[in-house]
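# A look at the structure
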Amino acid sequence: MTQILPSHIEMKSIKIENYTAAFGESFTLNNINWTLEPNQHWVITGANGSGKSALSAILAGAGHKVSGSISGLPQHIEIVSFEAQAELIERELKKDDADIMDVISEGTPVREILEEGKALYPEFDSALLDQLVAMFKLEPMLDRSFRKLSTGETRKIMLIRALANNPDLIILDEPFDGLDTASMQLLQSLLKSKIDSIAMVLVLNRFDEIPDFITHIAYTDHGKLQHSVDINNKQAYDDLYQLLHLKTTELSVPATDLSDRPPSLNPKDPLVRLKNIKVAYGDATIIDGLDWTIEAGQHWQLSGPNGSGKTCLLNLITGDHPQCYTNDIFVFGMQRGHGETIWQIKQYIGYVSTALQWEYRVSISLRNVILSGFHDSIGVYTKSTDKQKAVADQWLALLGMKDRANEPYNQLSFGDQRLLLIARAMVKHPTLLILDEPCLGLDDINRQLVLALIEKICTSGDTTVLYVNHHAEDQISGITQFKQLEKLDAQSS
Amino acid sequence: MSNNYFNTLPLREQLAQLAKCRFMSMDEFSDGVEALKGKKIVVIGCGAQGLNQGLNLRDSGLDVSYTLRAAAIAEKRQSWKNATENGFVVGTYEELIPTADVVLNLTPDKQHTPVVNEVMPLMKKGACLSYSHGFNIVEEGMKIREDLTVIMVAPKCPGSEVRAEYVRGFGVPTLIAVHEDNDPKGEGLALAKAYAVGTGGHKAGVLMSSFIAEVKSDLMGEQTILCGMLQTGSLLCFDKMVEEGIDSGYASKLIQYGWETITEALKYGGVTNMLDRLSNPAKIKAFDLAEELKEIMRPLYNKHQDDIIDGTFSRVMMEDWANDDKNLLGWRAETAETAFEKTPAGDVEISEQEFFDNGILMVAMVKAGVELAFETMTAAGIIAESAYYESLHETPLIANTIARKKLYEMNATISDTAEYGCYLYNHACLPLLADFMKGIKTDVIGKGLDTTDTGVDNARLIEVNAALRSHPVEAIGAVLRGHMADMKKIV
Ligand SMILES: NC(=O)c1ccc[n+]([C@@H]2O[C@H](COP(=O)([O-])OP(=O)(O)OC[C@H]3O[C@@H](n4cnc5c(N)ncnc54)[C@H](OP(=O)(O)O)[C@@H]3O)[C@@H](O)[C@H]2O)c1
């Protein structure tokens, strides 16, 4: 029989003692001693691969216990993380009938995903669900297929679902990444309103995102819980901040293989010219009447709220959106729909996005992931030159992964995978480098590394950068052009 | 009425056509899509193959549009949505067919005769008509206007994979063929090669075959090992477990997800690898069971192959088509009523290894079915490469649909031709295995071998391992899988 705990006021302390747990072959959390008292709300932080996500996830039962004990865990725990998101997406993909023989299915509607907990948890909070859906303005999505949502939207759905399930303890791994500033503030205030009934553990990369109701910070390093800090202890807090901002070494962008460049472009042409762009699905118009020209050497920052069509716009440029054939698009000397292949277009482009990371599910070596950037493929199907291999190794060295060239990519942490995909995008010194929220999921140190790299690329001359980002703080000095997209009214057609 | 094309050929020619199959080398595709450049490609039907092939061809720089039957356009059916939302021009037959240089017929096979009869008079003189399966030409004896070129480009994967692999920069294994009676300008092969490049198939390997070899092997594979064996095996294993007192929810789950798990091992390393996943005593057990099954079922496999080759199978099936699918629908309804189908998978955890350990009989059934189908096809004159793709290669795909949808939906999802053959097989195979099943206990299905006794006779183990590895399906499988794996770790 399920016993309902009225609120965590009556919760016990959670005690993790001498706990060691294995995550896959290559990662272990070592000898963790950690106590979470009732009325405490924690942030866990640390570098990519340091074990911060793993530490949060052991509360939800992840990892293979080697020794030690955990006691006092409440009954109902919810976790929202990249892994959980990937799992749900994977589950939905698996359901996809299109994968089998004949049928093209629409997938599960968002509403059904949101309400899965209704039947499972007596404490399910329908009113909160409605409130959250309204707050994030997601009503128009409810009947859409979950699979068709953007990454940011999926993330919001996961958050709403976890909160509406009304657990005793909620674990949120990077809840604010991928949210625009407005959504992030909304979410922070909402979390704050629930702190009396839900204990919170947040995994965060950025100190500036720590909400004011947080009482304690845990810092992980190399699979250990290195520091536990009371937020009111100013000195300890500042030290921790410093630790996370360790100075990075001098960076330089590796040269590329010049023997294998795409045909050169007419310098008088813009790289990209979009005219009167229209994109619609059924009756929903996403982009209407947009014009945009990107000249060579003109670096752009593109921003806009979730759902304003940023990714859609990028996909029109890269050729990954089918409606690129019904619009007036000129890219790299080619008017779209006149016999060019998508591979002719992709050879000028380097590209990083979270969607790419979801799709990049192959068990190949780290070196091959970088090499695939020369061929614009997911996986490697073409022979690479010795020069290309040498360049790939320089990138590995830059990322501090020199000795790991032959390790399998799919066993890396999320942040390390991201770094590798950024190297993959940059490896050929593309004419246009498209970075769609490249820092999503990265810790402060790696974020600075990436931003510094982008700045270097911006000044290096042969690559034009198109940078998409929510975070106003992550500005890049070389970028002078800004484009802002707005969400269209879903009704108009 | 229809006239079986294969049966009109002299024996020598029949054998020559069946044996036609050659693995093409990459440099045969150096002309890329040139032969189709600037030509107008019109696809009939926008379903699984139609949509995904069209997306690839367009992304390869080709001019693609869709023609749908008038009702599909008027009612804005899913096929219309598929085409328009992806930015394709859609028109009626009258609007688009007369402008087409190449017409891709990607409607369901059952509809081919009426569809082709309707579009053929509208086709430009000297144009090309293409299929992704040769049933209409071979089994229904469809006669195509003499001025038209007729080719086949058949991806050996579901449509969604055709697209997904292309987007990654790769492709899926593809079979191409030219209908020699319809190659007036001698350009059939060039067109088929360009089409295969346009879909990305050339990167994953192309078999140059014949309409006849494609049809006779495709039919054989789908009705025996792929759908028939898995259906029969599911029903027998489930009933046996329940009879032996195993929890029905557990039994249901072991079967529904078991096929997928064990054939995943098959996909990566063939029959050998699938059996290597078992403990030594279990491996020997599975081997012996499979030998027994092969002996009992061999006449059935021979009969299926004979009926396919001489046209009996398609004649009987087409009689049922003409009779409003009476048999097909009746059998489909029967499937829904089976105990396995009606018992939902239980809420129990089954680890990956447990599917092997407790499913020894299932492993034996897959082994027996794959090997029998392969042996029967090659004995009938079908070349090993073709026989491999139509047996072992596709088994995990069907296992996958059973994992997601069990039998009823699996049958509704596969083509009507596969489904019809599956029921024929199932009805013959259930009584055939009745005696054999009497001797089956939970040690080979449901509970696994008693683990206290792990000793094996070394000599026997060596014998079994050698037999496994020397089967011809393993030799060709290693080559063809190696080809794909090479591509993936070429650097
Ligand atoms: N599926 C596979 O795995 C696979 C693999 C290799 C080859 N093939 C071959 O590819 C071909 C197409 O198969 P598929 O699986 O893609 O079929 P499908 O998904 O069922 O699609 C069939 C399409 O044809 C249209 N259609 C149905 N009846 C029609 C009629 N009487 N007249 C005109 N259009 C009609 C349907 O649209 P409306 O009903 O809306 O008109 C639909 O768009 C077949 O020859 C098949 O053997 C399939």
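Residues numbered from 1 in each chain as written. Chains lettered and ligands numbered in written order. Predicted model: local features only at pLDDT ≥ 70, side-chain atom pairs only at ≥ 80, totals over all residues. Heavy atoms only, no water.

### Let's talk about the packing of aromatic side chains
- Here the structure, examined in full by the defined rule, presents 17 aromatic pairs over all chains.
- Summarising the aromatic geometry, the rings of Phe313(B) and Tyr420(B) are spaced 6.2 Å apart at their centres and angled 55° between planes, so their arrangement reads as tilted. With Phe313(B) in helix 14 (residues 312–322) and Tyr420(B) in helix 21 (residues 416–432), the pair connects residues that are 107 residues apart, well separated along the chain. Like Phe313(B), the residue Tyr420(B) is buried in the burial classification.
- Aromatic pair Tyr388(B) and Tyr389(B): ring centres 5.8 Å apart, planes at 70°, arrangement edge-to-face. You'll find Tyr388(B) and Tyr389(B) in the same group, each marked buried.
- Ring-pair connections join several aromatic residues into one group, and the members of that group are Phe313(B), Trp331(B), Tyr420(B) and Tyr423(B).
- One Lys or Arg, Arg336(A), reaches over the ring of Tyr325(A) and ends 4.8 Å from the middle of that ring.
- Over the face of the ring belonging to Phe340(B) we find Lys406(B), whose NZ or CZ atom lies 4.4 Å from the ring centre. (Phe/Tyr/Trp six-rings, centres within 6.5 Å; stacked < 30°, edge-to-face > 60°. Helix = DSSP H or I, 4+ residues; strand = E, 2+ residues; numbered from the N terminus. Buried < 20%, exposed > 50% of the residue type's maximum accessible area, 1.4 Å probe, protein only. Lys NZ or Arg CZ within 6 Å of the ring centre and 35° of its normal.)

### Brief notes about the packing of helix 4 (residues 126–135) of chain A against helix 6 (residues 181–193) of chain A
Residues and elements named next belong to chain A.
- Relative to each other, helix 4 and helix 6 sit at 160°, their axes nearing to 11 Å. Of the possible angle classes, the one that applies to helix 4 and helix 6 is roughly antiparallel. For the pair helix 4 and helix 6, the crossing hand works out as right-handed. Contacts between helix 4 and helix 6 involve Leu 128, Gln 131, Leu 132 and Met 135 from the former and Leu 186, Leu 187 and Leu 190 from the latter.
- Residue classes in the contact of helix 4 with helix 6 are distributed as 6 nonpolar, 1 polar and no charged. (Axes fitted to C-alpha atoms, helices over the stretch in contact; angles between N-to-C directions. Parallel < 35°, antiparallel > 145°, perpendicular 65-115°, else oblique. Left-handed = near helix turned anticlockwise from the far one by under 90°. Contact = heavy atoms within 4.5 Å. Nonpolar A, V, L, I, M, F, W, Y, C, P; charged D, E, K, R; others polar.)

### Topic: unusual backbone geometry
- Positive phi, normally seen in glycine, also occurs at Asp376(A), with a value near 55°.
- Structurally, the position occupied by Asp376(A) is in the loop between helix 11 (366–375) and helix 12 (386–398).
- The exposure class assigned to Asp376(A) is buried, which follows from its relative accessible area of 16%.
- One non-glycine residue, Lys76(B), lies in positive phi territory at about 50°.
- Its location among the elements puts Lys76(B) in the loop between helix 3 (70–74) and helix 4 (78–85).

### Concerning helix 21 of chain B
Residue and element names in this part refer to chain B.
- For helix 21, built from 17 residues, the straight-helix expectation of 24 Å at 1.5 Å per residue is met to within 8% by its first-to-last C-alpha distance of 24 Å.
- Taken as a whole, helix 21 has its buried residues at Thr 417, Ala 418, Glu 419, Tyr 420, Gly 421, Cys 422, Tyr 423, Tyr 425, Asn 426 and Cys 429.
- Where helix 21 is buried, its residues meet helix 7 (135–138), helix 11 (211–243), helix 13 (280–309), helix 14, helix 15 (326–336) and helix 20 (395–413). (Expected span 1.5 Å × (residues − 1).)

### Remarks on the pattern of salt bridges
All names here are of chain B.
- Counted by the stated rule, this structure contains 45 salt bridges over all chains.
- Notably, a salt bridge pairs Glu 291 with Lys 367, separated by 3.9 Å at the nearest N-O pair. Taken together, the residues Glu 291 in helix 13 and Lys 367 in helix 18 (residues 360–379) connect sequence positions 76 residues apart.
- Classification of Glu 291 as partly exposed rests on a relative accessible area of 36%.
- Through salt bridges with shared partners, one network takes in Glu 291, Lys 294, Arg 298, Lys 367, Glu 371 and Glu 375. (Salt bridge = Lys/Arg side-chain N within 4 Å of Asp/Glu carboxyl O.)

### A few points about the sheet that holds strand 2 (residues 27–36) of chain A
Residue and element names in this part refer to chain A.
- Reading across from one edge, 2-1-4 is the order of the 3 strands in this open sheet, with antiparallel pairing throughout. Every other strand in the sheet has two partners, leaving strand 2 and strand 4 (64–71) as the edge strands with one partner each. Taking each pair of neighbouring strands and ignoring which way they run, the sheet shows an average axis angle of 10°.
- Direction of pairing for strand 1 (residues 14–23) relative to strand 4: antiparallel, over a ladder of 6 bridges. Looking at the pairing, Lys 15 lines up with Ser 71 of strand 4. (Pairing = 2+ DSSP bridges.)

### Overview of the domain arrangement of chain B
All names here are of chain B.
- One can read the domain layout of chain B as domain 1 (21–209) and domain 2 (213–489).
- Taking only C-alpha atoms, the centre of domain 1 and the centre of domain 2 are 32 Å apart.
- Domain 1 puts 24 residues into the contact, and the matching count from domain 2 is 28 residues.
- With both chains or domains summed, domain 1 and domain 2 bury close to 2200 Å², and 66% of this area falls on carbon and sulfur atoms. (Domains from an automatic or database assignment. Buried area = accessible area lost by both parts, 1.4 Å probe.)

### A few points about the domain arrangement of chain A
- Segmenting chain A into domains produces domain 1 (14–248) and domain 2 (258–484).
- Placing the centre of domain 1 of chain A and that of domain 2 of chain A at their C-alpha centroids yields a distance of 28 Å.

### Considerations on the side chain of Ser234(B)
Residues and elements named next belong to chain B.
- Tracing the chain through its elements places Ser 234 in helix 11.
- Taking the relative accessible area as the measure of exposure, Ser 234 reaches 0% and is therefore buried.
- In this structure the side chain of Ser 234 is engaged in a polar contact, spanning 2.6 Å, whose partner is the backbone oxygen of Leu 230.
- With sequence-adjacent residues up to four places away left out, Ser 234 is seen in contact with Ile 255, Trp 259, Phe 340 and Leu 407. (Polar contact = N/O pair within 3.5 Å; in protein donor to acceptor, adjacent residues only side chain to side chain.)

### Looking at the pairing of strand 8 (residues 216–221) of chain A
All names here are of chain A.
- Burial analysis of strand 8 places 5 of its 6 residues in the buried class, the great majority of the element.
- Strand direction decides the pairing type here: strand 3 (residues 42–46) and strand 8, joined by 5 bridges, are parallel. Residue pairing across strands places Ile 44 opposite Ala 218, the latter belonging to strand 8.
- As judged from the 6 bridges shared by strand 8 and strand 9 (residues 224–230), these two strands associate in the antiparallel manner. Bridging across to strand 9, Ile 217 finds its partner in Val 229.
- A loop of 2 residues connects strand 8 with strand 9, the two strands running antiparallel in sequence, and His 222 in this loop sits at a positive phi of about 45°.

### Overview of the sheet that holds strand 12 (residues 300–303) of chain A
Residues and elements named next belong to chain A.
- Sheet architecture is open: 5 strands sit in the order 15-16-17-12-18, paired in parallel fashion. The open sheet is flanked by strand 15 (349–352) and strand 18 (481–484), the only strands paired with a single partner. Strand-to-strand, the axes of this sheet are offset by a mean angle of 15°, without reference to chain direction.
- Bridge count between strand 12 and strand 17 (residues 464–468): 3 bridges; the pairing is parallel. Each residue of the ladder has a partner; that of Leu 302, found in strand 17, is Val 468.
- Against the sheet, helix 8 (residues 310–318) touches strand 12, strand 15, strand 16 (432–436) and strand 17, its axis set at about 155° to strand 16.
- The strands touched by helix 13 (residues 414–426) are strand 15 and strand 16; relative to strand 15, the strand with the most contacts, the crossing angle is about 170°.

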